[in-house]
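Coordinate inspection notes
Below are the chains, spelled out letter by letter.
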Protein chains: 2
Amino acid sequence: MEGAALTRRGLLVGIGAAGGAGAMYAAMGALGLAPGDQDKAFVPPRASDFSLQGRAAGKVVILGAGVAGLTAAYELGKAGYDCTLLEARGKAGGRNLTLRGGDRLTELNGPAQQVTFGERAYFNAGPARIAPWMVTLDYCRELGIPIETFVNRNAHAYVHTSGQTVRSGAARADMYGYVAELLAKATDLGALDKKLTRDDRERLLEFLTRFGDLGPKLDYEGSSRRGYAELPGLDAGAPLGAPGTLSQVLAAGTGRAITNDFGYEQATPMFQPVGGMDAIVTGLVEAVGADRIRTGAQVTQITSLADGVEVTWRGGRMKADYCVATLPPHVLAKIPHNLGEPVTAALRTPVPVAAGKIGLEYGRRWWEIEDRIYGGITETDLDITHIWYPSHDYHAARGVVVGYYNTGAEAELYGALTPEDRRRRALTQGKKIHGEKYRADVLSAASIAWERQEHIQGGWVRWPVIDSSFTLLQRPSARVYFAGDWLTHLIAWQAGAMQSARSAVTQLHQRVLRSP
Amino acid sequence: MEGAALTRRGLLVGIGAAGGAGAMYAAMGALGLAPGDQDKAFVPPRASDFSLQGRAAGKVVILGAGVAGLTAAYELGKAGYDCTLLEARGKAGGRNLTLRGGDRLTELNGPAQQVTFGERAYFNAGPARIAPWMVTLDYCRELGIPIETFVNRNAHAYVHTSGQTVRSGAARADMYGYVAELLAKATDLGALDKKLTRDDRERLLEFLTRFGDLGPKLDYEGSSRRGYAELPGLDAGAPLGAPGTLSQVLAAGTGRAITNDFGYEQATPMFQPVGGMDAIVTGLVEAVGADRIRTGAQVTQITSLADGVEVTWRGGRMKADYCVATLPPHVLAKIPHNLGEPVTAALRTPVPVAAGKIGLEYGRRWWEIEDRIYGGITETDLDITHIWYPSHDYHAARGVVVGYYNTGAEAELYGALTPEDRRRRALTQGKKIHGEKYRADVLSAASIAWERQEHIQGGWVRWPVIDSSFTLLQRPSARVYFAGDWLTHLIAWQAGAMQSARSAVTQLHQRVLRSP
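Keep in mind that what you see is a predicted model, and the values were worked out from it rather than measured.

**Some words on the overall build of chain A**
For chain A, the count of helices and strands is 16 helices and 25 strands. Each principal axis of the C-alpha distribution contributes one length, and for chain A these read about 80 × 55 × 40 Å. With 516 residues in all, chain A has 61% of them scored as buried. Once local pairs closer than 6 in sequence are excluded, the contacts in chain A between residues at least 24 apart make up 69%. Accessible surface for chain A amounts to roughly 18800 Å². Of this, 50% is attributable to carbon and sulfur atoms. Taking the average place of the 56 positive charges on the side chains of chain A and the average place of its 53 negative ones, the gap between the two points comes to 4 Å.

**Thoughts on the interface of chain B and chain A**
The partner chain A presents 116 residues to the 116 residues of chain B that form the contact. When chain B packs against chain A, the two sides together hide about 10400 Å² of surface, and 65% of this comes from carbon and sulfur. Per-residue buried area on chain B facing chain A is highest for Leu234(B), Tyr264(B) and Arg372(B); these three make up 8% of the total on that side. Where chain B touches chain A, the interface holds 2 salt bridges. Of the charged contacts in the structure, one is a salt bridge between Arg372(B) and Asp138(A), with a shortest N-O distance of 2.5 Å. For the side of chain B that touches chain A, the leading source of residues is helix 4 (residues 168-188) of chain B, giving 8 residues. For the side of chain B that touches chain A, the residue count by class is 62 nonpolar, 31 polar and 23 charged.

**Overview of the pairing of strand 19 (residues 355-362) of chain A**
All names here are of chain A. Within strand 19, 8 of the 8 residues are buried, leaving the element largely enclosed by the surrounding structure. The sheet contact formed by strand 19 and strand 22 (residues 399-407) spans 8 bridges and is antiparallel. The residue of strand 22 that forms the bridge with Gly359 is Val402. Bridging between strand 19 and strand 23 (residues 442-449) involves 7 bridges; their strand directions are antiparallel. Across the sheet, the residue bridging to Gly356 is Ala449, located in strand 23.

**Side note on the environment of Ala446(A)**
Residues and elements named next belong to chain A. On the secondary structure map, Ala446 appears in strand 23. Of the residues examined, Ala446 reaches a relative accessible area of 2% and is grouped as buried. As a C-alpha pair, Ala446 and Leu196 span 250 residues in sequence and 56 Å in three-dimensional space. Setting aside residues up to four positions removed in sequence, Ala446 forms contacts with Leu99, Gln113, Val115, Phe117, Phe123, Lys357, Ile358 and Gly359.

**Brief notes about the relation of the copies chain B and chain A**
Of the two same-sequence chains, chain B is brought onto chain A (RMSD 0.0 Å, axial shift 0.0 Å) by a rotation of 180°. The operation mapping one copy onto its partner corresponds to a two-fold rotation axis. Of every C-alpha in chain B, the one belonging to Leu183(B) sits nearest the axis of rotation, 2.7 Å from it. Looking at chain B, 99% of its interface residues are interface residues in chain A too, so the copies touch through the same face.

**Focus on the pattern of salt bridges**
Residues and elements named next belong to chain A. Applying the stated criterion across every chain yields a total of 62 salt bridges over all chains. The salt bridge partner of Lys78 is Glu142, with a shortest N-O separation of 2.7 Å. In this pair, Lys78 sits in the loop between helix 2 (67-77) and strand 2 (82-87) while Glu142 sits in helix 3 (residues 135-143), placing the two residues 64 residues apart along the sequence. Within the structure, one salt-bridge network assembled from shared partners comprises Arg364, Glu370, Asp371, Lys437 and Asp441.

**Some words on the sheet that holds strand 16 (residues 316-320) of chain B**
Residues and elements named next belong to chain B. Taken in spatial order, the 3 strands line up as 14-15-16 in an open sheet, and their pairing is antiparallel. What marks the edges here is a single partner per strand, and that holds for strand 14 (299-305) and strand 16. In this sheet, neighbouring strand axes are inclined to one another by 15° on average, regardless of whether the strands run parallel or antiparallel. Where strand 14 and strand 15 (residues 308-313) come together, 6 bridges link them in antiparallel fashion.

**Brief notes about the pairing of strand 4 (residues 104-107) of chain A**
All names here are of chain A. Burial along strand 4 is one-sided: the residues Leu105 and Glu107 are buried and none of Arg104 and Thr106 is. Pairing geometry for strand 4 and strand 5 (residues 110-114), over 3 bridges, is antiparallel. Considered in strand 5, the bridge of Arg104 is made with Gln114.

**Regarding helix 4 (residues 168-188) of chain A**
In a regular helix each residue adds 1.5 Å, so 21 residues correspond to 30 Å; helix 4 of chain A covers 29 Å between its end C-alpha atoms and thus fits that length. Counting buried positions along helix 4 of chain A gives 20 out of 21 residues, so the element sits mostly inside the fold.

**Quick look at the sheet that holds strand 25 (residues 480-482) of chain A**
Residue and element names in this part refer to chain A. One open sheet accounts for 5 strands, arranged 13-2-1-17-25; its pairing is parallel. Only two strands of the sheet have a single partner each, and these edge strands are strand 13 (293-295) and strand 25. The average undirected angle you get between the axes of adjacent strands in this sheet is 20°. Judged from the 4 bridges that link them, strand 1 (residues 59-63) and strand 17 (residues 322-325) form a sheet pairing that is parallel. When the sheet's bridge partners are listed, Val60 is paired in strand 17 with Tyr322.

**Some points on the side chain of Ser469(A)**
Residues and elements named next belong to chain A. Mapped onto the fold, Ser469 is located in helix 15 (residues 468-473). Residue Ser469 is classed as buried on the basis of its relative accessible area of 13%. At 3.3 Å, the side chain of Ser469 forms a polar contact with the side chain of Thr349. The contacts of Ser469, once residues within four sequence positions are left out, are Ala346, Thr349 and Trp463.

**Observations regarding the nonpolar core**
Core analysis: the largest hydrophobic core is formed by 78 residues, its most contacted members being Val60(A), Ile62(A), Leu70(A), Tyr81(A), Val324(A) and Leu508(A). Ranked by residues supplied to this core, first place goes to helix 16 (residues 494-514) of chain A with 9 residues. Not counting residues up to four positions away in its chain, the partners in contact with Tyr81(A) are Phe50(A), Ala57(A), Gly58(A), Val60(A), Leu76(A), Arg292(A), Leu508(A), His509(A) and Val512(A). Core analysis: the next-biggest nonpolar cluster, separate from the first, contains 77 residues, Phe271(B), Val281(B), Ile456(B) and Tyr481(B) among them.

**Considering the UniProt feature "domain: Amine oxidase" (unreviewed entry) in chain A**
According to UniProt, the "domain: Amine oxidase" (unreviewed entry) feature falls on residues 67-508 of chain A. Between the end C-alpha atoms of residues 67-508 of chain A the distance is 18 Å, and the span holds 32% helix and 25% strand.

**Focus on the packing of helix 2 of chain A against helix 3 of chain A**
All names here are of chain A. Where helix 2 contacts helix 3, the two axes come as close as 13 Å, and the packing angle between them is 50°. Classified by the angle their axes make, helix 2 and helix 3 are oblique. In this structure, the crossing between helix 2 and helix 3 has a hand that is left-handed. Contacts between helix 2 and helix 3 involve Thr71, Tyr74 and Glu75 from the former and Tyr139, Glu142 and Leu143 from the latter. Partitioning the contact of helix 2 with helix 3 into residue classes produces 3 nonpolar, 1 polar and 2 charged.

**Some thoughts on the side chain of Thr312(B)**
With respect to the helices, strands and loops of the structure, Thr312(B) is situated in strand 15. Leave out the neighbours within four places in its chain, and Thr312(B) touches Gln298(B), Val299(B), Thr300(B), Gln301(B) and Arg317(B).

**Re the packing of aromatic side chains**
Aromatic ring pairs are reported here in terms of the distance separating the ring centres and the angle at which the planes meet. On inspection of all chains with the given rule, the structure shows 48 aromatic pairs over all chains. One aromatic cluster is present, formed by Tyr176(A), Phe207(A), Phe211(A), Phe262(A), Tyr176(B), Phe207(B), Phe211(B) and Phe262(B) through successive ring pairs. Over the ring of Tyr414(A) we find Arg425(A); its NZ or CZ atom is 5.4 Å from the centre of that ring.

**What to know about the packing of helix 2 of chain A against helix 8 (residues 279-288) of chain A**
Residue and element names in this part refer to chain A. In contact at an axis separation of 9 Å, helix 2 and helix 8 are set at 35° when each is read in the N-to-C sense. Remark: the crossing between helix 2 and helix 8 carries left-handed chirality. On helix 8, the residues touching Leu70, Thr71, Ala73 and Tyr74 of helix 2 are Val281, Leu284, Val285, Ala287 and Val288. Considered class by class, the residues forming the contact of helix 2 with helix 8 number 8 nonpolar, 1 polar and no charged.

**Describing the environment of Thr165(A)**
Residue and element names in this part refer to chain A. Position of Thr165 relative to the elements: it lies in strand 9 (residues 164-167). With a relative accessible area of 3%, Thr165 lands in the buried category. Within the local environment of Thr165, its side chain forms a polar contact with the side chain of His160, the two groups lying 2.8 Å apart.

Reading the values: the criteria
Residues numbered from 1 in each chain as written. Chains lettered and ligands numbered in written order. Predicted model: local features only at pLDDT ≥ 70, side-chain atom pairs only at ≥ 80, totals over all residues. Heavy atoms only, no water. Helix = DSSP H or I, 4+ residues; strand = E, 2+ residues; numbered from the N terminus. Buried < 20%, exposed > 50% of the residue type's maximum accessible area, 1.4 Å probe, protein only. Contact = heavy atoms within 4.5 Å. Areas by Shrake-Rupley, 256 points an atom, 1.4 Å probe, with all protein chains shown as cover. Lys, Arg positive; Asp, Glu negative; His and termini not counted. Charge placed at Lys NZ, Arg CZ, Asp CG, Glu CD. Buried area = accessible area lost by both parts, 1.4 Å probe. Salt bridge = Lys/Arg side-chain N within 4 Å of Asp/Glu carboxyl O. Nonpolar A, V, L, I, M, F, W, Y, C, P; charged D, E, K, R; others polar. Pairing = 2+ DSSP bridges. Least-squares fit on C-alpha atoms with pLDDT ≥ 70 in both. Axes fitted to C-alpha atoms, helices over the stretch in contact; angles between N-to-C directions. Expected span 1.5 Å × (residues − 1). Polar contact = N/O pair within 3.5 Å; in protein donor to acceptor, adjacent residues only side chain to side chain. Core = buried A, V, L, I, M, F, W, Y, C linked by side-chain atoms within 4.5 Å. UniProt positions renumbered as here; feature names shortened; annotations may be inferred. Parallel < 35°, antiparallel > 145°, perpendicular 65-115°, else oblique. Left-handed = near helix turned anticlockwise from the far one by under 90°. Phe/Tyr/Trp six-rings, centres within 6.5 Å; stacked < 30°, edge-to-face > 60°. Lys NZ or Arg CZ within 6 Å of the ring centre and 35° of its normal.

See the structure below:
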């Protein structure tokens, strides 16, 4: 969630760049936040926690076997809690969904899709990348899930805005070139003399010349960074062509596209599990024990009792000492319970956001062979928003391109179409960027509209404001704990689900240890 | 070779951004330069080329079994040429050298090193990354060599300059932030009104706000892009701290470090063969046939004859129809020949450049677990210049870090030390960035000083000017053809060696087809 507002500033303000890593580490260490230890506060429950206390791990019912539910079960299981996961869908994973040939995908008010991708091909229909600082990677390490680089930035991918297509490296070179020229000339003319010492000015000009690849007169006249029409080799090559004018470059509107990895959450490099994101689900399910997960179990009632929680689902009922509810808040809000009106009101506060993706399988990797795009993302102001090229199985015979990944209004637009019409529209749009091969060479497609996925009904949620509803649900209501990415500032990231699950687990376990 | 001068501008100047990919492709296609077809001019020789002509492929002696020599043999072999490669060193590959446990590395005027890395660990002592537009990837595809992403840019790696250490993402955020603020304010005050229309100004301010993460008053006051002291999760987190002042940020001298992937040759993403760069050597040797390569064969004389070439080496002599000489020019220049003084003078023109690297094997991947650095490069003004973290086998038990990769004076400084002293110095320097663990946890090391490698004697060469010596050697002298990265504008890249070999092969084959 790039751009999440920072609402709290810690003690560390001011320690930043000046002191170097030593001072930074020292300060962070003093706060128990040594770098790399992403969640130092978390101590997994252990069976030995009970040994001197005469207490025992209890029975816990977990609603939802998505990433939050599985993480909660996994961590509670370390101390011997007897967990049961109730999952309304046909399989565990929730939004961590990887589609492969043979899968069948149903949706609310729409036809089912039969996925016909070839062997090895996969499409991460939900989360598809992991930032290196996120706890998600810690779980990959702990569970032995191999990871590989996800290419989030690619200078050779395209930017298609205002009807024009350029390589993102060229778009960046042009914008940086003109920004550098403008500032260098303003500096050179003395317009900034009040702000800059002489040393500052010299250093700034040196930087700008490098940053914008400026000529000796501080002009931007293009750069080999834009690419080549004739590549260097036996001779020096021929550059791709002169850039447009400053006005043309500004009018092209490439700004959003060329800053897409500027946020801390999407900064290059990013990572993905080898073979599909659901390797995380598979790893967690194995660790938890598949027999603890009851699929097709749609919860219909949650009843808080004096000494436990009773949960009813279509086809069964169980009592446990505690409950961890990890369903999306808008789904949970509709299930009858006796936790009080403030809980219902709080669950109703976050607003579901539509999100959609399509996976397009091609019989040849033309984006690699012809466009020299190996992984990465083409950014566009077309309603497809992005085209993702696979960061794995380079040079394989086939490959799956993500033909759109959009949210909000664009996602709703595509989601309202039939799968066949989504495919057709995605191909028509992508053809504007890649030409006829984009439509001609496609073998099959599979699309998802998360707002139309049963029992999920949204890509993620948006809190109109982070208010008391948010903090209310971060604490248990009687013996019911809530967890999910939606209760964190890492919404739409698996790391949010994991952190939230850890918080619920810690609160629950501490309570058990404290209980008389 | 970032910054290679463009000496020729083609017909395409001016077609650039304006026309979009369609126009660009059309124009490039018209010149036979469709994107993705990196060397369209090259048609591999085929046995069938001879079928209607009554001619036959001849015998070719190739001097040097590095990437250029192997590529020449591979391409000539497609038409049935009978190639013999004479390689002075103990094995094929030249500077494409991957060191593993069990390897022994000798050097001129220095002790031999026994490499003791553990299983799976490797160190690409020569080339270590491939740009996606380079012909090197075409050979990987053709030869079935799996590739994976090489992380050349990492926001979480460090910049250590002027004695201070910051994350490269933080250094970039600060520099971009202040550049954006300065230009935004100059723009806002009307200092650029002559250069900007009202639309331009609005668009520029919108871009600068995004680019620098500026506040509503166009101030740069830090950004979550710098990173966090307390990561976002259950709450919004605490930012890493306020940035230094503009003067401090400029004085830190991070400019070179934060623009390191701006050149077209090093633009993100880059790639590497899975398991070590020498997979390319292995693939070419297999395709050529190991029995065609005579190792330990130091050439001592090249004699051009009326109907062929005679080559003498320590221990043998052979006559062939043609010769392709791929040795480094400064090595080739010392071998007696009868090709004339201009050839010798031309071969003496390029100047060898020293280059060195050290591989440090650690018993744990502290850079991933503690620093959250997964691949990428720390840039520094210390004499180690760079620290590279491995882009593969993430989360494995062990890993090899490149503790320095330097050239010129710094490389000579390290090269003059014993391997043990290189290791000690590299660890002392790296400790300034990473702390005591950098020295404490190292298991073993292996270093290379390319200027001290027998029969190679340099990392690569530098042409004082690209003059008639360069073009003279791009053409055959009698029946001797020259090839190597040093005869291209892709010096120090395997792609240069490959392109040059292709040129020699094409010239040779055309001549054979034309010959009476």
